[in-house]
Amino acid sequence: MNFIVCVKQVPDTTEVEVDRESGTIIREGVPSILNPFDEFALNEAIRVKEKTGGRITVLSMGPPQAQEALRKCLAIGADEAILLTDQAFAGSDTWATSFTLARAVEKLGKYDLIFCGQQATDGDTAQVGPELARQLNIPQMTYVESIEEIDDGSVICKKETDGGYQRVKSGLPALLAFISTPAFEPKIPSIMEVMGAKSKTLSQWGIDDLGDEDGDYGLDGSPTQVIRVYSPPQRGEGVIIEEPPEVAVDKLIEYLESEGII
Amino acid sequence: MIKVDQEKCTTCGICVDICPVSAIEISEGVISIDRGSCTLCGVCVSVCPVNAISIKRKAKTEDTSGYKNVWVFTEVASGTLKPVVFELLGKGRELADKLDQKLCAVIIGSGADKFIDELGAYGAELIYMVDDPIYENYSTDAYTSAISQLITEFKPNIFLYGATHVGRDLAPSVASNLGLGLTADCTDLSIEEEDNLLLQTRPAFGGNVMADIICPNTRPQMATVRPNVMEPLAPDENREYEVIERKISIPSRSVRTKILETISGREEHEVGVEEGDCVISGGRGMGSADKFEVLDELAGLLSGVVGCSRPIVELGWIPKSRQVGQSGKTVSPRLYIACGISGAIQHQVGIRNSDIIIAINKDPKAPIFDIADFGVVGDLHQIIPRLIDRLKKR
Ligand SMILES: Cc1cc2nc3c(=O)[nH]c(=O)nc-3n(C[C@H](O)[C@H](O)[C@H](O)COP(=O)(O)OP(=O)(O)OC[C@H]3O[C@@H](n4cnc5c(N)ncnc54)[C@H](O)[C@@H]3O)c2cc1C
């Protein structure tokens, strides 16, 4: 079976800080990581491939540095990686991103399943997966936690709903967007695997490889426009108390009263 | 551009029947589409069982001037309207008044008519209803088709969805189907003075920044909106409304996913954490599963619901549906109490929109204190039982 895993390199949001004066994000020195949701999706693809056999291609759109994330995917167990990188892709919103990914998927040809992370931790939109599915006109399942069964023609997933879970079946090809389960421990590739990844193919495709016109991609192809970025309203300086329990509870009660909660 | 792959096409005729503008015909054994009357709504694409029809779009609406009114998607879950629907109607009312346009609700379901009075009472002036057994359970395919068809026919200016699991599955599917911009998980919406565009505000980078987003060239302007942030109107049964019903029957084989089993992680009528006005969460600092009974008791006294951090789900102490944070639920209650939670960024993202955050943690350096309005440094096992005693005596 042919599996495609769409991944993104993101800044490690645990390290992101905002310049309090200018309100912009300080990106310098912020390490980049493989989006954790994508890492989970990739692991699920590897787990499935162990049973079904086949080939895993990871696909990413991003700047040339995103190669690093793809190398990691190859070390974890993907067979091949493709980076869609071109000045023309810069500034893509979710529509333009899914458009670009769709052209690459079409170029790749036959596939059975596309794996995505439910969301990327930088934007948290959760839109690229479903938008890609619709661009390709294949069924989608979102908030997927695991693949329970898969055969030549269909897949059964366990997916999260607002109030619980569902088991859902779909024909193939299909797109699955994965949430990460709490029990997931990211795999740390061994030195051998890291070395081995160097001999796997990592290709770069630009706009000339995908076709269509300039205006379909990147900022020009993006219907949404970010017009302002600023730091969130600061929460007022909180009161922090360190007192013996009795006193602390007195003060807590006073606070709840003053806020009109009790 | 719309294309039919004649090799794949079996001339089954489903697209002919479903096309809302009768632009598709079978003549001499081949499908033909009248490009003049076709509105590119994409319904034929989504119902074709063999994927023979494709549309290539640009994300641009040719003439944005005819698009009017503010639409709200009505999500139904276990036989009731989701609270976010009323919140969207509340915000939608404000936007519609500002634009001097109508506020409309879109309800798709099986037996959908039982909700229309309620939608009217919460401010919908016009209700678009699609009622058919195929919509009994939510499916991406059927709902995307129905909504795409309604949008193409009635041309709304703004379309809001709740940022729930269903809303975040459906809205991007519709956006992609029709080539529309979409802004995810908005925490504020307003109308720009100069050009009457919808200004959509949302957090990004784990809540470290806010972004204002517009969508100047596509209509409707679409957004998913975080639950529990917007204020509903007080219901008023005297509000008048009108219903427009459309029959959109999707053949069952065009719904490509099938629900085999639904496993509820929630008691009937239980309030979800994302809906609670007071949320009391416990983290690893709680120490053991039975200690959560204390939080239940506290929740009882403050009319709250109990949530948790991710490790608690991992330990199996509390179901995943109550996890708060990036890979769980985003909450925005009036009061959030974090007990024994360190306040990792992935947890903070989920609670930043709370009015008041109280933290109880024995580590004075815990990051949760950075965003707490009131922090108590101390042992929660000492503090919470005393707090409960005091509240009981009141
Ligand atoms: C992709 C990704 C997604 C994630 N999504 C989420 C998410 O949705 N939600 C989430 O919560 N986490 C999420 N996490 C995990 C997150 O990074 C943290 O690991 C987690 O939030 C920590 O949970 P905690 O605060 O309960 O535990 P800890 O970090 O272990 O903190 C326990 C706290 O309890 C305090 N404590 C201990 N004993 C006591 C006592 N007796 N009295 C008072 N205080 C005490 C300690 O001082 C400590 O601060 C995610 C991580 C990743 C990588």
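Quick caveat: nothing in here was measured; it's all calculated off a predicted structure.

A. Quick look at the overall build of chain A. Of regular secondary structure, chain A possesses seven helices and 15 strands. In terms of overall dimensions, chain A has a C-alpha envelope of 65 × 40 × 40 Å along the principal axes. Put simply, chain A has 262 residues, and 56% of those count as buried. Long-range contacts, defined as pairs at least 24 residues apart, comprise 69% of the intrachain contacts of chain A with a sequence gap of at least 6.

B. Broad picture of the site of the ligand. Around the ligand there are 26 residues in total, and Ser309, Gln323, Ser327, Ser342 and Asn361 of chain B lie nearest to it. At the ligand, the nearby residues belong to more than one chain, namely chains A and B. Within the contact set of the ligand, an oxygen atom lies 2.5 Å away from a side-chain nitrogen or oxygen of Ser309 of chain B. In the environment of the ligand, a nitrogen atom lies 2.9 Å from a nitrogen or oxygen atom belonging to the backbone of Leu380 of chain B. Computed on the free molecule, the ligand has an accessible area of 990 Å², of which 82% lies beneath the protein chains in the complex. The class makeup of the residues in the shell around the ligand is six nonpolar, 15 polar and five charged.

C. Up close: the sheet that holds strand S19 (residues 305-308) of chain B. Read from one edge of the open sheet, six strands run S15(A)-S22(B)-S21(B)-S20(B)-S18(B)-S19(B), paired in parallel fashion. One side of each edge strand has no neighbouring strand; the edge strands of this open sheet are strand S15 (239-241) of chain A together with S19 of chain B. Across the sheet, the axes of successive neighbouring strands diverge by a mean angle of 15°, strand direction being ignored. Relative to S19 of chain B, strand S18 (residues 278-282) of chain B runs parallel, the two being bridged by four bridges.

D. How the structure looks around the interface of chain A and chain B. Listed per partner, the contact involves 86 residues of chain A and 97 residues of chain B. Summing both partners gives a buried area of about 7900 Å² for chain A against chain B, and 55% of it is carried by carbon and sulfur. Three residues stand out in chain A for area buried against chain B, namely Arg134, Asp162 and Arg235 of chain A, and they jointly supply 11% of the buried area on that side. If you look at where chain A meets chain B, you find nine salt bridges. Listed by contribution, the elements that provide at least two residues to the side of chain A that touches chain B are helix H3 (94-108), helix H4 (128-136), strand S9 (140-150), strand S10 (154-161), strand S11 (164-171), strand S14 (225-230), S15 and helix H7 (245-258) of chain A. Take the side of chain A that touches chain B: its biggest share by element is 11 residues, from H7 of chain A. Across the side of chain A that touches chain B, the residue classes break down as 38 nonpolar, 25 polar and 23 charged. The pairing of S14 of chain A with strand S14 (residues 209-214) of chain B spans five bridges and is antiparallel. Across the sheet, Val229 of chain A pairs through a bridge with Ala211 of chain B, a residue of S14 of chain B.

E. How the structure looks around the packing of helix H5 (residues 140-154) of chain B against helix H6 (residues 165-178) of chain B. Residue and element names in this part refer to chain B. Axis separation between H5 and H6 bottoms out at 9 Å; the angle between their running directions is 55°. Taken together, the axes of H5 and H6 are oblique relative to one another. Here H5 runs over H6; the crossing is right-handed. Across the interface between the two elements, Thr140, Tyr143, Thr144, Ile147, Ser148, Ile151 and Thr152 of H5 pack against Asp169, Leu170, Ser173, Val174, Asn177 and Leu178 of H6. Of the residues contributing to the contact of H5 with H6, the split by class is six nonpolar, six polar and one charged.

F. Quick peek at the packing of aromatic side chains. All names here are of chain B. Overall, the coordinates contain 19 aromatic pairs over all chains when judged by the stated rule. On the numbers, 6.4 Å between centres and 75° between planes, the contact of Phe73 with Tyr143 is edge-to-face. Here Tyr143 lies in helix H5 and Phe73 lies in strand S5 (residues 70-74), a separation of 70 residues in the sequence. Here Phe73 falls in the buried class, since its relative accessible area comes to 2%. Judged by relative accessible area, Tyr143 falls into the buried class, the value being 6%.

G. Summary view of the side chain of Asn228 of chain B. Residues and elements named next belong to chain B. Note on placement: Asn228 falls in the loop between strand S15 (221-225) and strand S16 (242-245). A polar contact is formed between the side chain of Asn228 and the backbone oxygen of Glu274, at a distance of 3.0 Å. Ignoring any residue separated from it by four or fewer positions in sequence, one finds Asn228 in contact with Glu87, Glu274, Glu275, Gly276, Asp277 and Ser332.

H. Structural context of the nonpolar core. Core analysis: the largest hydrophobic core is formed by 37 residues, its most contacted members being Leu42, Val58, Leu113, Phe115 and Ile147 of chain A. Discounting residues that sit within four places of it in the chain, Val58 of chain A has contacts with Val5, Val7, Leu42, Leu70, Cys73, Ala78, Glu80, Ala81 and Ile82 of chain A. Cys104, Val106, Val130 and Ala146 of chain B belong to the second-largest nonpolar core, a separate cluster that totals 35 residues.

I. Main features of the pattern of salt bridges. In total, this model carries 30 salt bridges over all chains according to the counting rule given. Residues Arg55 of chain A and Glu80 of chain A are paired through a salt bridge, measuring 3.1 Å at the closest nitrogen-oxygen approach. One end of the pair, Arg55 of chain A, is in strand S6 (residues 55-61); the other, Glu80 of chain A, is in strand S7 (residues 80-84), with 25 residues separating them in the sequence. Residue classification places Glu80 of chain A among the buried residues on the basis of a relative accessible area of 17%. As a salt-bridge pair, Arg93 of chain B and Glu125 of chain B come within 3.0 Å of each other at their nearest N and O atoms. Taken together, the residues span a long stretch of sequence, with Arg93 of chain B in helix H3 (residues 83-99) and Glu125 of chain B in the loop between helix H4 (116-121) and strand S9 (126-131) at a distance of 32 residues.

J. Summary view of the environment of Ala234 of chain B. Residues and elements named next belong to chain B. Here Ala234 is to be found in the loop between S15 and S16. Taking the C-alpha atoms as reference points, Ala234 and Val313, separated by 79 residues in sequence, lie 36 Å from one another. In contact with Ala234, not counting residues within four places along its chain, are Ala121 and Arg239.

K. Molecular detail of the domain arrangement of chain B. When cut into domains, chain B gives domain 1 (2-55), domain 2 (70-251) and domain 3 (273-392). Centre-to-centre separation of domain 1 of chain B and domain 3 of chain B, based on C-alpha positions: 54 Å.

L. Representation of the sheet that holds strand S1 (residues 2-7) of chain A in the model. Ordered by their spatial adjacency, 10 strands build an open sheet running S13(A)-S7(A)-S6(A)-S1(A)-S8(A)-S12(A)-S9(A)-S10(A)-S11(A)-S17(B), and the pairing between neighbours is mixed. At either margin of the open sheet sits one strand with a lone partner, and together these are strand S13 (201-205) of chain A together with strand S17 (257-264) of chain B. Neighbour-to-neighbour, the strand axes of this sheet turn through a mean angle of 30°, independent of strand direction. Here S9 of chain A runs beside S10 of chain A; their pairing, made up of five bridges, is antiparallel. Along S10 of chain A, the bridge assignment pairs Ser146 of chain A with Lys158 of chain A. The strands that H3 of chain A touches are S1, S6, S7, strand S8 (113-117) and S13 of chain A; relative to S6 of chain A, the one it contacts most, it runs at about 145°.

M. Looking closely at a negative patch on the surface. All names here are of chain B. Where like charges cluster on the molecular surface, the negative patch consists of Asp117, Glu118, Asp236 and Glu237. Its location among the elements puts Asp236 in the loop between S15 and S16. For Asp236, a relative accessible area of 30% corresponds to the partly exposed category.

Conventions and cut-offs
Residues numbered from 1 in each chain as written. Chains lettered and ligands numbered in written order. Predicted model: local features only at pLDDT ≥ 70, side-chain atom pairs only at ≥ 80, totals over all residues. Heavy atoms only, no water. Helix = DSSP H or I, 4+ residues; strand = E, 2+ residues; numbered from the N terminus. Buried < 20%, exposed > 50% of the residue type's maximum accessible area, 1.4 Å probe, protein only. Contact = heavy atoms within 4.5 Å. Near = heavy atom within 4 Å. Polar contact = N/O pair within 3.5 Å; in protein donor to acceptor, adjacent residues only side chain to side chain. Areas by Shrake-Rupley, 256 points an atom, 1.4 Å probe, with all protein chains shown as cover. Nonpolar A, V, L, I, M, F, W, Y, C, P; charged D, E, K, R; others polar. Pairing = 2+ DSSP bridges. Axes fitted to C-alpha atoms, helices over the stretch in contact; angles between N-to-C directions. Buried area = accessible area lost by both parts, 1.4 Å probe. Salt bridge = Lys/Arg side-chain N within 4 Å of Asp/Glu carboxyl O. Parallel < 35°, antiparallel > 145°, perpendicular 65-115°, else oblique. Left-handed = near helix turned anticlockwise from the far one by under 90°. Phe/Tyr/Trp six-rings, centres within 6.5 Å; stacked < 30°, edge-to-face > 60°. Core = buried A, V, L, I, M, F, W, Y, C linked by side-chain atoms within 4.5 Å. Domains from an automatic or database assignment. Patch = residues over 30% accessible without salt bridge, like charges linked within 9 Å, V, L, I, M, F, W, Y side chains within 5 Å. Lys, Arg positive; Asp, Glu negative; His and termini not counted. Charge placed at Lys NZ, Arg CZ, Asp CG, Glu CD.

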